[in-house]
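Next come the chains, spelled out residue by residue.
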Amino acid sequence: MSRRNRPRLAEIAAAAGVSVATASRALSQPAIVSAPTRDRVRAAVAELGGAWPGSGARAAGDAGIAAVVPSLDNAIFSRCLQAMQTTLAEAGRHLLVASSDFHPETEAAVIRGLLSRGVDGLMLVGAQRAPDAWPLLAGAGVPVVLTWCEDPRFDAVVVDNGAAGRLAAEHLIGLGHTRLGVVCGITRFNDRQRARLEGVRAALAARGLDLPEWRVSEQDFTLGGGRAGCSALLSLAEPPTAIVCGIDQLAVGCLVEAQARGLSVPGDLSVVGIDNLEMAAHLSPALTTVHIPTARIGAAAARKVLARLAGEDVPRVTELPIELVVRQSSGPPRAAA
């Protein structure tokens, strides 16, 4: 039976006279559901033309929700996935996780494999991907939710990444900095980093300032990448007095590099990140950053998938707020102090 023809979870729940969460538990964890309830769900599945788990084809609703993230070695996505898993578990659903390692072709292959295996929904990061991924998503026959960025063809839970870059830059400009540098991730296949970089440029342009290419260092999303980017910028004939980083992890690398060179932060160099990871408040100096509600993104994405599976009408796009969190890694440039 094709996935398109299998009974949906909401249909099974309605036919059995139980909640969607109960129907899901009966399908995925039958041992924890009472026998009468389990029998009603079993009868509903049969009536609707599906098959009980373990007897061959499955009813839509027990295959799991899949999340494909760029990296599993990153606290940003770990927080998102944990919140998503918690939200799904409360509804009796389980989460499948895969990583693309920031490679669009790998992501497309992972999406193809998941859809072939059979999943009930997909969560993806960003709205930029390999061309052959889009037809797979358009024909998936299951809810697809994008996160961080949106595409008009799909549901999305987003933040304003451009505004994140602007907030960071405007904070530094307000402190008196006019020569900013940026350490960010590789922007070619990363719409989040590209938008944050353009946000920094926009804030500078609004004050009649610029950000030349040679004061932008694109690096891997690692502490080493942050150190390498900071080193490259500090080696310039006119190094920046402040650095905006595309994520907190790069900002931590910048702090390490600056301190290894004997520089005072923020006395000699201000550093601002984007994400507000837990570690940001506990560094020395504590990191000024832009808060991205990563846990809320994961929870909201899970709720949107569940709502679509239940046949509920929900807004296509949910935008979550961001905010600047000022700590001790940013201050006026030495000459203006």
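Now for a description of the structure that goes with this document. All values reported here derive from a predicted model rather than from experimental measurement.

## Description of the sheet that holds strand β7 (residues 216-219)
Note on sheets: strands pair through backbone hydrogen bonds, and any given pair is parallel or antiparallel. The sheet built from 6 strands is open, its strands ordered β7-β6-β8-β9-β10-β12 with mixed pairing. Single-partner strands in this sheet number two, and they are β7 and β12 (323-325). With direction set aside, neighbouring strand axes in the sheet form an average angle of 20°. Bridge count for strand β9 (residues 270-275) against strand β10 (residues 288-291) is 4 bridges, and the pairing is parallel.

## As for the pattern of salt bridges
Evaluation of the coordinates by the stated rule reveals 13 salt bridges. Of the charged contacts, one joins aspartate 155 and arginine 308 as a salt bridge, the two residues approaching to 2.7 Å between their closest N and O atoms. Of this pair, aspartate 155 sits in strand β5 (residues 155-158) while arginine 308 sits in helix α11 (residues 294-309), placing them 153 residues apart in sequence. The class for arginine 308 is partly exposed, based on a relative accessible area of 26%. The residue arginine 227 makes a salt bridge to glutamate 257 at a minimum N-O spacing of 2.9 Å. One end of the pair, arginine 227, is in helix α9 (residues 223-234); the other, glutamate 257, is in helix α10 (residues 248-260), with 30 residues separating them in the sequence. Classification of arginine 227 by relative accessible area gives partly exposed; the value is 34%. Judged by its relative accessible area of 10%, glutamate 257 is buried. Overlapping salt bridges, with partners in common, bring together Glu198, Arg201 and Glu213 in one network.

## Concerning the layout of surface pockets
A volume near 450 Å³ is recorded for the largest pocket. Surrounding the largest pocket, 25 residues form its lining, Pro70, Asp101, Phe102, His103 and Phe221 being those nearest its centre. The residue makeup of the lining of the largest pocket, split by class, is 9 nonpolar, 9 polar and 7 charged.

## Notes on the pairing of strand β2 (residues 95-99)
Of the pairings in the sheet, the one linking strand β1 (residues 65-69) to β2 comprises 5 bridges and is parallel in character. Residue isoleucine 65 lies in a different strand from β2, and its bridge partner there is leucine 95. A crossover links β1 with its parallel partner β2, the connecting element being helix α4 (residues 75-90), and its sense is right-handed.

## Quick notes on the nonpolar core
Among the nonpolar cores identified, the biggest contains 66 residues, and Met123, Trp148 and Ile292 are the most heavily contacted of them. Leaving out residues up to four positions away in the same chain, isoleucine 292 has contacts with Trp148, Val159, Ala164, Arg196, Ile274, Asp275, Ile297 and Ile322. Counting 25 residues, the second-largest nonpolar core is a separate cluster that includes Ala108, Ala140, Val142 and Val144.

## Things to note about the packing of α4 against α11
Running from N to C, α4 and α11 cross one another at 40°; their axes reach a closest spacing of 7 Å. Taken together, the axes of α4 and α11 lie oblique to each other. For the pair α4 and α11, the sense of crossing is right-handed. When α4 is examined against α11, the residues Ile76, Arg79, Cys80, Ala83, Met84, Thr87 and Leu88 are found in contact with a partner set consisting of Thr294, Ala295, Ile297, Gly298, Ala299, Ala302, Arg303 and Leu306. Residue composition of the contact of α4 with α11, by class: 10 nonpolar, 3 polar and 2 charged.

Conventions we followed
- Residues numbered from 1 in each chain as written.
- Predicted model: local features only at pLDDT ≥ 70, side-chain atom pairs only at ≥ 80, totals over all residues.
- Heavy atoms only, no water.
- Pairing = 2+ DSSP bridges.
- Helix = DSSP H or I, 4+ residues; strand = E, 2+ residues; numbered from the N terminus.
- Axes fitted to C-alpha atoms, helices over the stretch in contact; angles between N-to-C directions.
- Salt bridge = Lys/Arg side-chain N within 4 Å of Asp/Glu carboxyl O.
- Buried < 20%, exposed > 50% of the residue type's maximum accessible area, 1.4 Å probe, protein only.
- 1 Å grid on protein atoms, 1.4 Å probe; cavity = no way out; pocket = protein on both sides within 12 Å on 5 of 7 lines; lining within 4 Å.
- Points joined across faces, edges and corners; volume = space filled by probe spheres on them.
- Nonpolar A, V, L, I, M, F, W, Y, C, P; charged D, E, K, R; others polar.
- Right-handed = clockwise from strand over helix to strand, strands pointing away.
- Core = buried A, V, L, I, M, F, W, Y, C linked by side-chain atoms within 4.5 Å.
- Contact = heavy atoms within 4.5 Å.
- Parallel < 35°, antiparallel > 145°, perpendicular 65-115°, else oblique.
- Left-handed = near helix turned anticlockwise from the far one by under 90°.

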